[in-house]
Amino acid sequence: MREHRGVSREELQQSGLMAVAVLLVLGVVAAWSVLVPGVSAWENIIVAVIGSLRLTGPVAAAFAAWVAVRRRRGVGKRSLTTWQAVRAPLAILVVTGGAFTATVMVLAVRSMLTEQAGRLLPSGLVMGAAGLALYVVIGWVTGWLLPWTITPALAGLGCYGLFTALSQGPTWADRLAPATREPYDPFQGLSAAAFTDQTLWLVGISAALLLGWAAVVTRQALVLAAALLAVLAAGTGMARLFSEQRPVSAQRVVYSCQEWPIMVCVHPGMHAGLPELGSAFVKIASRLAGTPGEFSRVEQHPRRDQGTLAPGVIGIHVDDLSAGFAERAADEFVDGLAERCDATPAAGYRDIVAAWLRGEPLPGGPLPEHQYAAAWFSGLTETQRRDWLRLYYGDFTGCRLQSSHFGGQTGQASPAGQGPQYHTPPGQGVGGRYAPPEQRVGDASAWSRPRGGPLHRSPGARSRGGTREPAAGGRGPSAGSRAVLPPRS
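Predicted model only: the values in this text are computed from it and were never measured.

Caption draft 1: Representation of the overall build of the protein. On a plain count of helices and strands, the protein comes out with 14 helices and ten strands. Scored against the burial criterion, the 489 residues of the protein give a buried share of 44%. In the protein, the proportion of contacts linking residues at least 24 apart, taken out of those at least 6 apart, comes to 67%.

Put into structure tokens, the structure is as follows:
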């Protein structure tokens, strides 16, 4: 086995093939973890490929440092020409670039099998390759300057820590790292100009480091001049990055919509989630029909968008299409309908109505009055619940629900061996105000509903306690009248 400056040719070939295989596997795994689930957009692929550098970059730096340590030991103190100095790091760049290209091809083939929205930005792929080159150059220079056995591990860990800190740091710092902000926002899009400026910075700083090292090793003034030109290019790219204003508004997209049973519109890259979203929101739309919260169109919007919507249109937020995305969007929408209640009684009543809107079992609540309200509300039919919400929608959204809204009962202590008794305060309606008899829903047996028609109070209907409802203009029920739970469905 012939030695070639401390490293045999066979060893170089085997290590190069192994590096390509490792970088390819790590690149695909890392990119797959960065992909936003369910988003079919070319921008998502570009962000995933660049995000794979989080793992492949440190590995490439460690590999370059390992080769540099072996070569430094083989060269010793002999002088080198410029080509002899840069030939090995350029070969490493070719190896790592081939692995990066293979990763891009794997993801591209996967994407071509499905319809993709957006456009493929070549400047983003070039920026990713330039970022990988910076990792390699840092690893090579570190391995040459510190020819120790532990240097490859130090180079890999150091690069990982450095670029992770930059990408998670302030805005001015993350622009210097070969990365993009995650997770990818399909409404924001990607900037080709920003990728170009970032590529200029990465190529410039990589060339400055490599040529500066070559100038020290070869002691040639021409190489030093080339290194200074590379520094100038890196400075130009940095200045352009810092002067560029990041877009704060979402780019205009052409929605992908499903018109039945209600109109649901999402980003074209998330069209696969239309059936589940329609199924989740059609139930909520039917229960809000006739109320101020009624809607017939659902639109996906970015979270930072605070614009006003047309009547009958609601905005939802869908970050990805992972399992349960439609239920999460529906829960977030229902939670946003009503204000958050600080008081425990009001919060319990709010949770009862919100659970019904979501289609979940009604919660019992922490207090006995909540348990009675849930039992009373469960005894109503769907039509009666919709009529009830239409009547008390403002109290629900304003966190003003109380026991009088759920049959007008207030819990009392009962004698031993008897269940709790609930009494109606005389002449009280919503919020303690007087409500006419036709607006009370305490006794479900006194309500009648023609088929397909609204709810009506039967004239002269008696409660189960034997108390007759007074005619219009008469006195309200006595303080001792008892309201009874309606028959449970």
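Caption draft 2: Seen up close, unusual backbone geometry. For Arg219, which is not a glycine, the phi torsion comes out positive at approximately 55°. For Arg219, the position within the fold is in the loop between helix 8 (192–218) and helix 9 (221–243). The residue Cys399 is not glycine, and still its phi comes out positive at about 60°. Residue position: Cys399 is located in the loop between helix 14 (382–397) and strand 7 (410–412). Among the residues examined, Cys399 registers a relative accessible area of 18% and is labelled buried.

Caption draft 3: Local environment of the packing of aromatic side chains. Taken as a whole, this structure holds 15 aromatic pairs when the rule is applied. On the numbers, 5.2 Å between centres and 75° between planes, the contact of Phe377 with Trp388 is edge-to-face. Of the two residues, Phe377 is situated in helix 13 (residues 368–378) and Trp388 in helix 14; the sequence distance between them amounts to eleven residues. The exposure classification of Phe377 matches that of Trp388, with both residues buried.

Caption draft 4: Geometry of helix 14. Helix length check: helix 14 (16 residues) gives 20 Å between terminal C-alpha atoms against 22 Å at 1.5 Å per residue, more than 12% under. In helix 14, a bend of some 65° at Leu391 exceeds every other bend along the element. By the burial criterion, the buried members of helix 14 are Gln384, Arg385, Asp387, Trp388, Leu389, Tyr392, Tyr393, Asp395, Phe396 and Thr397. One or two steps after helix 14, the chain reaches Cys399, where phi turns positive at roughly 60°.

Cut-offs applied
Residues numbered from 1 in each chain as written. Predicted model: local features only at pLDDT ≥ 70, side-chain atom pairs only at ≥ 80, totals over all residues. Heavy atoms only, no water. Helix = DSSP H or I, 4+ residues; strand = E, 2+ residues; numbered from the N terminus. Buried < 20%, exposed > 50% of the residue type's maximum accessible area, 1.4 Å probe, protein only. Contact = heavy atoms within 4.5 Å. Phe/Tyr/Trp six-rings, centres within 6.5 Å; stacked < 30°, edge-to-face > 60°. Expected span 1.5 Å × (residues − 1). Bend = angle between axes of the 7 residues up to and from the residue.

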